[in-house]
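Commentary on secondary and tertiary structure
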Amino acid sequence: MSAETLEYHHDKHHNAYVTAGNKLMEGTPYADMDLESAIRESYKSDPKLFNQIAQHWNHMEFWHWMSPKGGGAIPGNLESQIKKDFGSVDDFKEAFVQAGVTQFGSGWCWLVWKDGKLAVTQTPNGENPLVHGGTALLGCDVWEHSYYIDYRNARPKYLEAFFDHLVNWERVTEIYERAS
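What comes next concerns the included structure. (Residues numbered from 1 in each chain as written. Predicted model: local features only at pLDDT ≥ 70, side-chain atom pairs only at ≥ 80, totals over all residues. Heavy atoms only, no water.)

1. A word on helix α5 (residues 89-102)
Definition in use: Helix and strand labels come from DSSP, where a helix needs a run of H or I of at least four residues and a strand needs a run of E of at least two; each type is numbered from the N terminus. Expected span, for any helix, means 1.5 Å times one less than how many residues it has. Each residue is assigned to one of three classes by its accessible area relative to the maximum for its type, calculated with a 1.4 Å probe on protein chains only: buried under 20%, partly exposed between the two thresholds, exposed over 50%. It is the directions from the helix axis to the C-beta atoms that the arc portrays.
Between its first and last C-alpha, α5 extends 20 Å over 14 residues, near the 20 Å set by a 1.5 Å rise per residue. Buried within α5 we find F92, F96, V97, A99 and G100. For α5, the angular spread of buried residues about the axis comes to 155°, placing them on one side. The exposed residues of α5 that point more than 90 degrees off its buried face are D90 and E94.

2. Side note on helix α3 (residues 47-64)
With 18 residues, α3 extends 26 Å from end C-alpha to end C-alpha; this agrees with the ideal 26 Å at 1.5 Å per step. Counting buried positions along α3 gives 13 out of 18 residues, so the element sits mostly inside the fold.

3. Digging into the sheet that holds strand β2 (residues 117-124)
Defined as follows: For two strands to count as paired, DSSP must find a minimum of two bridges between them. Angles here are taken between N-to-C directions and fall from 0 to 180 degrees, while the axes themselves are lines fitted to C-alpha atoms, restricted in helices to the stretch in contact. Pairs of residues are marked as contacts when any of their non-hydrogen atoms sit within 4.5 Å.
Strand order in this open sheet of three strands is β2-β1-β3, and the pairing throughout is antiparallel. Whereas interior strands pair on both sides, the edge strands pair on one side only; in this sheet they are β2 and β3 (135-141). When the angles between neighbouring strand axes are averaged without regard to direction, this sheet yields 20°. In the sheet, strand β1 (residues 107-114) pairs with β2 via eight bridges, with the strands oriented antiparallel. Bridge assignment links C109 to a residue of β2, and that residue is Q122. Contacts from α3 reach β1 and β3, with the element oriented near 75° to β1.

4. Details of the packing of helix α4 (residues 76-86) against helix α8 (residues 169-179)
Just so we agree on the cut-off: Oblique is the label for every angle not falling under 35 degrees (roughly parallel), over 145 degrees (roughly antiparallel), or within 65 to 115 degrees (roughly perpendicular). Under the scheme applied, nonpolar residues are Ala, Val, Leu, Ile, Met, Phe, Trp, Tyr, Cys and Pro; charged residues are Asp, Glu, Lys and Arg; polar residues are all the others, including Gly.
At a minimum axis distance of 9 Å, the contact between α4 and α8 shows a crossing angle of 75°. Taken together, the axes of α4 and α8 are roughly perpendicular relative to one another. Two secondary-structure elements touch here, α4 through N77, L78 and Q81 and α8 through W169, V172, T173, Y176 and E177. Grouping the constituent residues of the contact of α4 with α8 by class yields four nonpolar, three polar and one charged.

5. Section: the pattern of salt bridges
Worth spelling out the cut-off: Salt bridge, as applied in this entry: a Lys or Arg side-chain nitrogen positioned within 4 Å of an Asp or Glu carboxyl oxygen.
In total, this model carries four salt bridges according to the counting rule given. Note that R40 and E36 form a salt bridge whose closest N and O atoms lie 4.0 Å from each other. Of this pair, R40 and E36 both sit in helix α2 (residues 35-45), four residues apart, which is roughly one turn of the helix. Under the relative-accessibility criterion, R40 is labelled partly exposed at 43%. Look at E36 and you get partly exposed, because its relative accessible area is 31%. With a closest N to O distance of 3.5 Å, K83 and E79 form a salt bridge. Taken as a pair, K83 and E79 lie in helix α4 at a separation of four residues, close to a single helical turn.

6. Description of the side chain of S67
If you trace the backbone, S67 turns up in the loop between α3 and α4. What S67 contacts, discounting residues up to four positions off in sequence, is H165, L166 and N168.

7. Remarks on unusual backbone geometry
For N125, which is not a glycine, the phi torsion comes out positive at approximately 50°. For N125, the position within the fold is in the loop between β2 and β3. Taking the relative accessible area as the measure of exposure, N125 reaches 38% and is therefore partly exposed. The backbone of R152 sits at a positive phi, close to 50°, despite the residue not being glycine. Secondary-structure assignment places R152 in the loop between α6 (148-151) and α7 (155-166).

8. Topic: the pairing of β3
Counting buried positions along β3 yields six of seven residues, so the element is predominantly enclosed. Pairing analysis gives six bridges linking β1 to β3, with the strands arranged antiparallel. Paired with W113 across the two strands is T135, which belongs to β3.

Given below as structure tokens:
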């Protein structure tokens, strides 16, 4: 991921969600809630606010799910669970990439912990596993602003590069171990 993509994505797109979300929360009961509670509460009752604050949360996590030294081996406990629930790391990678490729329009693909097992899901727009009862272990932004500068319309190449070179598996494992 190039510096130009990171600059636009973080400084422009993510910042816009923060600014708009803060403005929409002013003077509402949401202003006194922690972010995750506000996301869950606004999901069905205030879609305008939900989209801004959910995208803020998604992006806060997204930056932590990446590392300049990312990719590579998946730590033991998580790798064992991946093999149990997907058959192999390669099968998991294929499912994750396909979830991102097949997400119509803008959205996210996710590795989630739910009901005692791992699953790959996808959500439209700013929606995330918080509102579906799961714990997001890993998410990848498939809005065009995430990849268009570097990959143009080649979303599959972006997702493969994300998985192979950017994922901070230590962070994913920390979340997995807390959730499981």
